[in-house]
Amino acid sequence: MEPRRIASLKTAENFRDTQERLGIDLPFDETVEAGAESPLGRPYHWRGGTVGNRFAILPMEGWDGESDGKPSDLTIRRWENFGLSGAKLIWGGEAVAVRPDGRANPNQLVINDANLAGLERLRLRLDTVHRAQFGRTDDLYVGLQLTHSGRFARPYDKRKMEPQVLYRHPCLDPKFGLGSDVHLLTDDEIARLVTDFVRASRQAHDAGFAFVDIKHCHGYLGHEFLSAVDRPGRYGGSFVNRTRFLREIVEGIKSEAPGLEVGVRISIFDFLPYRAGPDGQGEPWPWPGSPYPYAFGGDPGTGLALDLAEPSAFLNLLEELGIHWVCTTAGSPYYNPHIQRPSAFPPSDGYLPPEDPLIGVARQVDATAALKARHPNLAIVGSGYTYLQDWLPHVGQRVVRDGSADFVGLGRMVLSYPDLPADVVAGRVSDRKRICRTFSDCTTAPRNGMVSGCYPLDPFYKTRPEREQLAQLKRDTPSAGQR
Ligand SMILES: Cc1cc2nc3c(=O)[nH]c(=O)nc-3n(C[C@H](O)[C@H](O)[C@H](O)COP(=O)(O)O)c2cc1C
Ligand code: SF4
């Protein structure tokens with residue numbers, strides 16, 4: 001059945017009826033409150049200070065850094081928009097590679113001595129525009145996301161993957177054409193990577209970031225450790241071994257960058273990889289019915305449902321390590337994007353949604369709530385809300401009011417409508433013309449070698465030459481960005 005367009009759900013009753021038809025029950029408030037005492041406007045207090053409200057900007061890279069990993073003017077503009085958003089938690093800005101061979105694309109930012117001044121300028125610029133617009137920054141909390149792209153590294157040539165994997169994957173290897181010559185990282189190489197993460201964390205601290213996110217999501221290296229169930233040696237097999245990478249990094253940070261907070265963005269569940277079926281609709285990668293052990297947080301029986309036992313054990317570990325900040329997300333944009341960023345329109349390398357995208361939103365909201373209930377002392381940021389569109393503030397407010405998450409994380413919405421958080425907190429009517437309708441151009445563009453941005457709705461990107469290139473691509477690839 002064709003999903004009902006969210007823009008056509010004009011009343012709360014329409015929104016509720018649609019949910020009922022889909023068998024989901026998203027938390028929802030009919031009226032959105034404004035002001036500093038409202039659920040979304042209220043500050044968050046913790047042992048390290050105060051974060052001014054309950055909106056977080058999720059990390060989003062733009063494939064637009066300089067070739068040596070320094071920020072470009074486009075990067076600066078995006079970070080300025082993050083600062084102007086009104087959100088008081090900036091979760092990571094964007095994925096920054098700890099070394100050049102770990103980049104997901106040749107224009108990803110890289111943290112090293114030569115690039116540090118540029119990264120610091122990026123943070124300061126965000127800070128400056130935020131202070132100019134909102135009058136203060138003592139309640140603004142800004143971190144940097146650190147990554148190694150592992151299986152999805154594409155560091156030097158936009159068209160060439162140069163994967164570094166932890167184990168041979170029975171579905172992802174054939175899906176992405178990895179041959180027997182793929183580079184399997186050795187335990188010694190992993191130990192060197194730990195050193196890179198620790199050095200990068202120290203540098204982020206020097207550049208004034210309040211925390212680093214040791215990225216454990218979306219199929220990149222940190223996430224791959226969690227499913228390395230049949231890797232031999234120190235970093236695979238048991239839960240203790242699969243989390244050794246994180247534990248070693250945190251230990252190093254404590255000794256080399258004392259005072260720097262650590263956060264972890266984690267895919268709290270994963271599914272089997274998907275592919276486009278004969279009709280273009282997503283279908284699970286064929287798997288012979290036996291247990292599927294490679295979905296961290298997934299049901300090992302089917303690979304298509306949730307089992308939060310290990311993710312909960314992971315959050316226990318974070319608490320033991322003294323980590324307070326967690327950002328939840330799901331799956332991977334490369335192999336099951338519908339569970340990660342629910343969309344009405346698929347990106348060019350995706351597939352038509354195999355379920356109503358609202359079900360994908362509800363899955364992330366519910367899984368985050370279940371973990372928050374088990375780990376009430378952690379600060380938890382939820383993701384995947386953009387598909388809610390006009391109803392995002394209504395659901396976000398109820399989630400925070402019920403304590404089902406501490407922050408509402410915004411991804412794509414902030415590319416199309418950067419100051420939505422400021423509008424919500426101030427009680428201004430949302431500008432419907434800027435609401436992200438999940439056209440996926442911000443994913444289709446980089447998948448095809450272009451910089452990312454909101455081409456359909458952001459006037460700045462509307463006038464860029466890539467817009468016509470994208471239009472042509474969609475004419476040539478009927479499945480890209482259209483239903
Ligand atoms: C263009 C683009 C770039 C992204 N880059 C990152 C990234 O660098 N790091 C990360 O953890 N997630 C990244 N994401 C995922 C988002 O942070 C977020 O989880 C996802 O878009 C779902 O949230 P939303 O529904 O609000 O968009 C990216 C998403 C988009 C659309
Ligand atoms: S291109 Fe713009 S409208 Fe489309 S998904 Fe990205 S942010 Fe949303």
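Overview of the structure. (Residues numbered from 1 in each chain as written. Chains lettered and ligands numbered in written order. Predicted model: local features only at pLDDT ≥ 70, side-chain atom pairs only at ≥ 80, totals over all residues.)

A few points about the packing of helix 5 (residues 187-206) against helix 8 (residues 244-256)
Piece 1. For the pair helix 5 and helix 8, the least separation of the axes is 9 Å and the interaxial angle reads 40°. Classified by the angle between their axes, helix 5 and helix 8 sit oblique to one another. For the pair helix 5 and helix 8, the crossing hand works out as right-handed. Counted together, Ile190, Val194, Phe197, Val198, Ser201 and Arg202 of helix 5 and Phe245, Glu248, Ile249, Gly252, Ile253 and Glu256 of helix 8 form the full contact between these two elements.
Piece 2. Tallied by class, the residues present in the contact of helix 5 with helix 8 amount to seven nonpolar, two polar and three charged. (Axes fitted to C-alpha atoms, helices over the stretch in contact; angles between N-to-C directions. Helix = DSSP H or I, 4+ residues; strand = E, 2+ residues; numbered from the N terminus. Parallel < 35°, antiparallel > 145°, perpendicular 65-115°, else oblique. Left-handed = near helix turned anticlockwise from the far one by under 90°. Contact = placed C-beta atoms within 7 Å. Nonpolar A, V, L, I, M, F, W, Y, C, P; charged D, E, K, R; others polar.)

Observations concerning the pairing of strand 13 (residues 325-329)
Piece 1. The buried fraction of strand 13 is high, at five of five residues.
Piece 2. Side chains Trp325, Cys327 and Thr329 project from strand 13 onto one buried face, and the interleaved Val326 and Thr328 project onto a second face that is buried too.
Piece 3. Examined bridge by bridge, strand 10 (residues 261-267) and strand 13 share five bridges and lie parallel to one another. Residue Val264 lies in a different strand from strand 13, and its bridge partner there is Val326.
Piece 4. As defined by bridge partners, strand 13 adjoins strand 14 (residues 379-382) across three bridges and the pair is classed as parallel. Along strand 14, the bridge assignment pairs Val326 with Ile380. (Buried ≥ 20, exposed ≤ 12 C-beta atoms within 10 Å, placed from the backbone. Pairing = 2+ DSSP bridges.)

Points about the site of ligand 1
Piece 1. Neighbouring ligand 1 are 24 residues; Leu58, Ala95, Thr386, Gly411 and Arg412 lie closest to it.
Piece 2. Of all the secondary structure elements, the ones that give two or more residues to the shell around ligand 1 are helix 13 (412-416) and helix 15 (441-447).
Piece 3. Grouping the amino acids of the shell around ligand 1 by side-chain chemistry returns 10 nonpolar, nine polar and five charged. (Near = placed C-beta within 6 Å.)

A few points about the site of ligand 2
Piece 1. Residues in contact with ligand 2 amount to 14 residues; listed here are only the nearest, Cys436, Phe439, Asp441, Cys442 and Cys454.
Piece 2. Those elements that place two or more of their residues in the shell around ligand 2 are helix 13 and helix 15.
Piece 3. Take the shell around ligand 2: its biggest share by element is three residues, from helix 13.
Piece 4. Residue composition of the shell around ligand 2, by class: eight nonpolar, three polar and three charged.

Details of the packing of helix 2 (residues 73-84) against helix 3 (residues 116-134)
Piece 1. As a packed pair, helix 2 and helix 3 sit with axes 8 Å apart at the nearest point and diverge in direction by 35°. You can see that helix 2 and helix 3 cross each other, and the crossing is right-handed. Across the interface between the two elements, Thr75, Ile76, Trp79, Glu80, Phe82, Gly83 and Leu84 of helix 2 pack against Leu122, Arg125, Leu126, Asp127, Val129, His130 and Gln133 of helix 3.
Piece 2. Looking at the contact of helix 2 with helix 3, its residues break down into seven nonpolar, four polar and three charged.

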